[in-house]
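# Overview (structure and organization)
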Amino acid sequence: MTPQELAQAKDPDIRASLQAMHRAAELARQTAIQTGTDLVIVENQQIVRISAEQLQRARTQHEG
């Protein structure tokens, strides 16, 4: 489903699912930074490993 379809869903749990996924992703980034571990994601059908250092730099740039 697209974000627009999720926002228009009749089921309130479905509507809230996108925000829940965003919260979960942020928590995963925080945990990876705190523990110094890589975050592994799938991007363009490829497995991508993002180091804790890369995550910290991205966070610093975003906050800056």
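### Some points on the pairing of strand S1 (residues 39–43)
When S1 meets strand S2 (residues 46–50), the two strands line up antiparallel, connected through five bridges. Looking at the pairing, Glu43 lines up with Gln46 of S2. Hairpin connection, S1 to S2: the antiparallel pair is bridged by two residues, and Asn44 has positive phi, about 55°.

### What to know about the confidence of the model for the protein chain
The pLDDT averaged across the protein chain works out to 93; a share of 100% of its residues lies at or above 70. Ranking the helices and strands of the protein chain by mean pLDDT puts S2 first, with 97, and helix H1 (residues 3–7) last, with 86.

### Regarding the environment of Gln56
Note on placement: Gln56 falls in helix H3 (residues 52–63). Distance from Gln56 to Asn44, taken between C-alpha atoms, is 23 Å for residues twelve residues apart in sequence.

### Considering unusual backbone geometry
In the Ramachandran plot, Asn44 falls in the positive-phi region, its phi being about 55° despite a non-glycine side chain. For Asn44, the location among the structural elements is in the loop between S1 and S2. Overall, the relative accessible area of 70% leaves Asn44 in the exposed class. Even without a glycine there, the phi angle at Gln45 is positive, about 60°. Counting through the fold element by element, Gln45 comes out in the loop between S1 and S2.

### Structural notes on a nonpolar patch on the surface
A surface patch of nonpolar side chains, amounting to about 330 Å² of accessible area, comprises Val40, Val42 and Ile47. Within the fold, Val40 resides in strand S1. Under the relative-accessibility criterion, Val40 is labelled partly exposed at 46%.

### Some remarks on the packing of helix H2 (residues 12–35) against H3
Relative orientation of the contacting elements H2 and H3 amounts to 120°, with a least axis distance of 8 Å. Relative to H3, the element H2 is oriented oblique. The element H2 and its partner H3 pack so that their crossing is left-handed. Touching Glu26, Arg29, Gln30, Ala32 and Ile33 of H2 are Ala52, Leu55, Gln56 and Arg59, all from H3.

Calculation notes
Residues numbered from 1 in each chain as written. Predicted model: local features only at pLDDT ≥ 70, side-chain atom pairs only at ≥ 80, totals over all residues. Heavy atoms only, no water. Pairing = 2+ DSSP bridges. Helix = DSSP H or I, 4+ residues; strand = E, 2+ residues; numbered from the N terminus. pLDDT = per-residue confidence, 0-100. Buried < 20%, exposed > 50% of the residue type's maximum accessible area, 1.4 Å probe, protein only. Patch = residues over 30% accessible without salt bridge, like charges linked within 9 Å, V, L, I, M, F, W, Y side chains within 5 Å. Areas by Shrake-Rupley, 256 points an atom, 1.4 Å probe, with all protein chains shown as cover. Salt bridge = Lys/Arg side-chain N within 4 Å of Asp/Glu carboxyl O. Axes fitted to C-alpha atoms, helices over the stretch in contact; angles between N-to-C directions. Parallel < 35°, antiparallel > 145°, perpendicular 65-115°, else oblique. Left-handed = near helix turned anticlockwise from the far one by under 90°. Contact = heavy atoms within 4.5 Å.

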